[in-house]
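# Structural overview
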Amino acid sequence: MRETEKIWMNGELVDWADAKIHVGAHGLHYGTGVFEGIRCYETQKGSAVFRLTDHVKRLEASARLLYMDLPYTVQEIRDACLEVIGVNGLPECYIRPFAFYGYGELGVSTAGNPVEVVVMSWPWGAYLGDEGMKNGIRCKISSWKRVGANTIPHAAKATGIYLNSMLAVMEANRAGYDEAILLTDDGFVADGSGENVFVVKDGKIATPPLSTSILPGITRDSLIQIAQDLGYTVEEKNLIRTDLYLADEIFMTGTAAEVTPIRSVDDQEVGPPGEITRKLQEAYLDTVRGGGERWSHWLEYVSIPAREPAQA
Ligand code: PPE
């Protein structure tokens, strides 16, 4: 990863190299943490963070689901994100706020451990590659099932839950695919290792409902609204793997992945990015970079002016 200058750690800005924790930290042993992924984009009016408050609110909800009391308010964490973006001076970056149980007591119960809160920011390009963004990626249905809603709450963006995603994406990559798609125990399409899934069939758009153990994606929500505004029908309904094979178009959404077309699933060719996928990808990328007034309420501007990027 590309290092930046500062990391916000428990209320203070520390040098990147000094943002350290003890190996006895509870979160390291048991995956007891929650996190967010947010993007800041350069717009004509300066750098703006896409749906920052919604992301921080989801962080708070995730914490609540882990019985974790965040020692900072949504407003304070929001300000910390803006501060770290401002001080690192990148016009575009990815922001990673996270909270975890730190060093105190080991043992599965979190009692006796402090809650540490950190915000990092760094440059992150196309999650599934520029080529994938343009021509679509190849996916594989994972043999690992998405964790059930009563196993770990999928509405929480919790660190430990990502073992599920890690196994799926590693399996897919090792078999030569770009990304995995996980199914529920019942065989319904859930989400990718780090993205929500959409299919287009006969001009209509469909995406799995929240009951399929998906992360309630903020990009998913944005895309549903953008698509409906453009006049498309978007249905939240159960999908099975053959719905993917027989789709006219498929794409994935996520903060990191933005809108990434899928060109095949299990080597069943869906084809190059279709017209609806292209249109929605363009509309999304335009929205996050401040194009038009329609969705301007989703942009939260960075008040500290970003410095000119250093000359190479
Ligand atoms: N499902 C999963 C499992 C997931 O991790 C993400 C985000 C989404 C759906 C889409 O959610 P949203 O970003 O709110 O639209 N994955 C984040 C982490 C990626 C990573 O590798 O780390 C992200 O996109 O930031």
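Above this text you will find the structure in question.
The present account deals with the structure reproduced in this document.

Definitions and limits used
Residues numbered from 1 in each chain as written. Predicted model: local features only at pLDDT ≥ 70, side-chain atom pairs only at ≥ 80, totals over all residues. Heavy atoms only, no water. Helix = DSSP H or I, 4+ residues; strand = E, 2+ residues; numbered from the N terminus. Expected span 1.5 Å × (residues − 1). Buried < 20%, exposed > 50% of the residue type's maximum accessible area, 1.4 Å probe, protein only. Arc of directions from axis to C-beta. Lys, Arg positive; Asp, Glu negative; His and termini not counted. Salt bridge = Lys/Arg side-chain N within 4 Å of Asp/Glu carboxyl O. Contact = heavy atoms within 4.5 Å. Near = heavy atom within 4 Å. Polar contact = N/O pair within 3.5 Å; in protein donor to acceptor, adjacent residues only side chain to side chain. Areas by Shrake-Rupley, 256 points an atom, 1.4 Å probe, with all protein chains shown as cover. Nonpolar A, V, L, I, M, F, W, Y, C, P; charged D, E, K, R; others polar.

### Considering helix α8 (residues 275–288)
Compared with an ideal rise of 1.5 Å per residue, which puts 14 residues at 20 Å, α8 spans 20 Å between its outermost C-alpha atoms and is within 8% of the ideal. Every buried residue of α8 is accounted for by Ile276, Thr277, Leu280, Gln281, Ala283, Tyr284, Thr287 and Val288. Down the axis of α8, the buried set is contained in an arc of 165 degrees. They therefore lie on one face. Exposed side chains of α8 directed beyond 90 degrees from the buried face belong to Glu275 and Glu282.

### Considering the side chain of Lys140
The topology assignment puts Lys140 in strand β8 (residues 137–141). There is no salt bridge for the buried Lys140, and the closest opposite charge comes from Glu171, which lies 4.0 Å off by N-O distance. Residue contacts for Lys140: discarding those within four places in its chain leaves Glu171, Ala172, Ala175, Tyr177, Glu179, Ala180, Ile181 and Asp266.

### Notes on the site of the ligand
Lining the immediate environment of the ligand, one finds 23 residues, of which Tyr94, Tyr127, Tyr162, Thr219 and Thr255 sit closest. One of the side-chain N or O atoms of Tyr94 is found 2.5 Å from an oxygen atom in the ligand. One of the backbone nitrogen or oxygen atoms of Ile218 is found 2.7 Å away from an oxygen atom of the ligand. Out of a free accessible area of 560 Å², the ligand has 94% covered by protein chains. Of all the elements in the fold, those that place two or more residues in the shell around the ligand are β6 (93–101), β10 (189–192), α6 (218–229) and β14 (249–254). Within the shell around the ligand, the residues separate by chemical class into seven nonpolar, 10 polar and six charged.

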